[in-house]
Amino acid sequence: MILIAVAVSLTGCQEEKTAKEIIRPVRYETVTKAGSKRSLTFSGVSKSGTQAKLSFRVSGTLTSVRVKVGDKVKKGSLIATIDASDAQLQLEQAQVSLENSRITMETALSNLNRIRNLYENNNVSLSDYESAKTNHSSAKAAYDADKRSVDLQKRALSYYRLTSPMDGIVTVVDADPNENVSTGEMIAELNAGDELEVEVGIPESYISKIHSGADVAVTFPSFGDETFEGVISEVAFAANPETSTFPVTVKLKNPSENIRPGMPAEVQFQLNTAAANGAEGSGGAPVDILIVPVHAVAEDQAG
């Protein structure tokens with residue numbers, strides 16, 4: 001009888017242990033609200049606020065290139081020259097023609113004065129006097145035409161000298177002496193002005209949220225965590241076909257003298273993403289959105 005009681009007692013203990021509830025750990029996180037303003041960062045490249053690609057208005061053979069990359073030039077400084085032998089010859093011919101027409105005009109004027117005196121003394125006929133006036137008018141018209149031709153040849157001769165249109169720094173030289181260059185072909189590129197800009201490519205899904213005049217924050221990897229203030233100055237209407245992004249230009253408000261064109265940059269935009277995500281209240285006004293972890297969102301039979 002004692003053994004039976006002990007067996008019953010042990011069986012009851014085992015059933016009690018089996019019925020005990022097992023508590024499992026649960027991951028949880030507080031759901032929070034986020035404002036409709038979201039910060040997004042896009043990569044860009046710095047550039048000078050004023051850039052000029054210099055080229056000749058005529059074609060020919062380069063006789064000299066007077067600058068190299070990094071040179072500081074003043075307005076009017078000589079950049080390069082083209083062989084101007086033919087243009088110089090045309091100018092000399094025009095000057096000879098001008099001199100001949102000048103002599104002809106002066107001779108016609110002298111003859112007109114002589115005929116006028118004779119006509120006033122009734123020593124020549126009216127037709128002689130009118131003929132002298134016509135000859136003088138024709139000679140003067142020829143002289144004026146030759147004078148304009150000389151001016152045009154002088155202007156054309158100046159096209160064979162490429163000069164700097166402003167003060168700046170030469171960033172690109174893309175030609176060497178003895179090369180044949182065409183009209184409009186870039187010889188050198190000049191960066192000028194104290195203003196610096198950053199050009200950023202924005203995807204089409206965000207371009208509608210970016211507007212001119214908005215403030216942005218700009219950082220340069222080479223300067224660590226230093227932040228520069230910027231303002232959006234231009235927003236392109238069409239996408240760049242090479243990158244399929246929309247170019248946006250940001251002007252730096254407080255540029256450092258150490259920033260140079262061509263440096264990579266990161267531009268932080270404050271965008272209203274609530275409307276882009278469909279989170280709008282009454283009247284189309286953006287509202288706060290709830291932020292939850294991605295793994296907390298699942299699907300059921302209804303989607």
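Residues numbered from 1 in each chain as written. Predicted model: local features only at pLDDT ≥ 70, side-chain atom pairs only at ≥ 80, totals over all residues. Heavy atoms only, no water.

1. Focus on the overall build of the protein
Along the protein, the regular secondary structure elements total 5 helices and 14 strands. Looking at the protein as a whole, 27% of its 303 residues are labelled buried. Intrachain contacts of the protein at a sequence separation of at least 6 include 72% that bridge at least 24 residues. Here the protein displays about 20300 Å² of accessible surface, and carbon together with sulfur accounts for 50% of that area. (Helix = DSSP H or I, 4+ residues; strand = E, 2+ residues; numbered from the N terminus. Buried < 20%, exposed > 50% of the residue type's maximum accessible area, 1.4 Å probe, protein only. Contact = heavy atoms within 4.5 Å. Areas by Shrake-Rupley, 256 points an atom, 1.4 Å probe, with all protein chains shown as cover.)

2. Examining the sheet that holds strand 3 (residues 60-65)
In spatial order, the strands read 6-5-3-8; together these 4 strands make up an open sheet with antiparallel pairing. Taken across any chain shown, the strands that pair with only one partner, and hence form the sheet edges, are strand 6 (161-163) and strand 8 (180-181). Inspection of the sheet shows strand 3 paired to strand 5 (residues 78-82) by 3 bridges, in the antiparallel sense. When the sheet's bridge partners are listed, Val65 is paired in strand 5 with Ala80. (Pairing = 2+ DSSP bridges.)

3. Details of a negative patch on the surface
A contiguous patch of negative charge on the surface is contributed by Asp174, Asp176, Glu179 and Glu185. Accessibility expressed as a relative area gives 30% for Glu179, which makes it partly exposed. (Patch = residues over 30% accessible without salt bridge, like charges linked within 9 Å, V, L, I, M, F, W, Y side chains within 5 Å. Salt bridge = Lys/Arg side-chain N within 4 Å of Asp/Glu carboxyl O. Lys, Arg positive; Asp, Glu negative; His and termini not counted. Charge placed at Lys NZ, Arg CZ, Asp CG, Glu CD.)

4. Focus on the environment of Lys133
Note on placement: Lys133 falls in helix 3 (residues 126-158). Taking the C-alpha atoms as reference points, Lys133 and Leu112, separated by 21 residues in sequence, lie 6.1 Å from one another.

5. Considerations on the packing of aromatic side chains
Summed over the entire model, instances satisfying the criterion amount to 6 aromatic pairs. Centroid distance Tyr119 to Tyr129: 5.1 Å. Interplanar angle 10 degrees. Geometry classified as stacked. Taken as a pair, Tyr119 in helix 2 (residues 85-120) and Tyr129 in helix 3 lie far apart in primary sequence, 10 residues in all. Judged by relative accessible area, Tyr119 falls into the partly exposed class, the value being 30%. You can call Tyr129 buried: its relative accessible area is 13%. Taken together, Phe42, Tyr206 and Phe269 form an aromatic cluster joined through their ring pairs. Its guanidinium or amino end placed over the ring of Tyr159, Arg57 lies 4.2 Å from that ring's centre, counting from NZ or CZ. (Phe/Tyr/Trp six-rings, centres within 6.5 Å; stacked < 30°, edge-to-face > 60°. Lys NZ or Arg CZ within 6 Å of the ring centre and 35° of its normal.)

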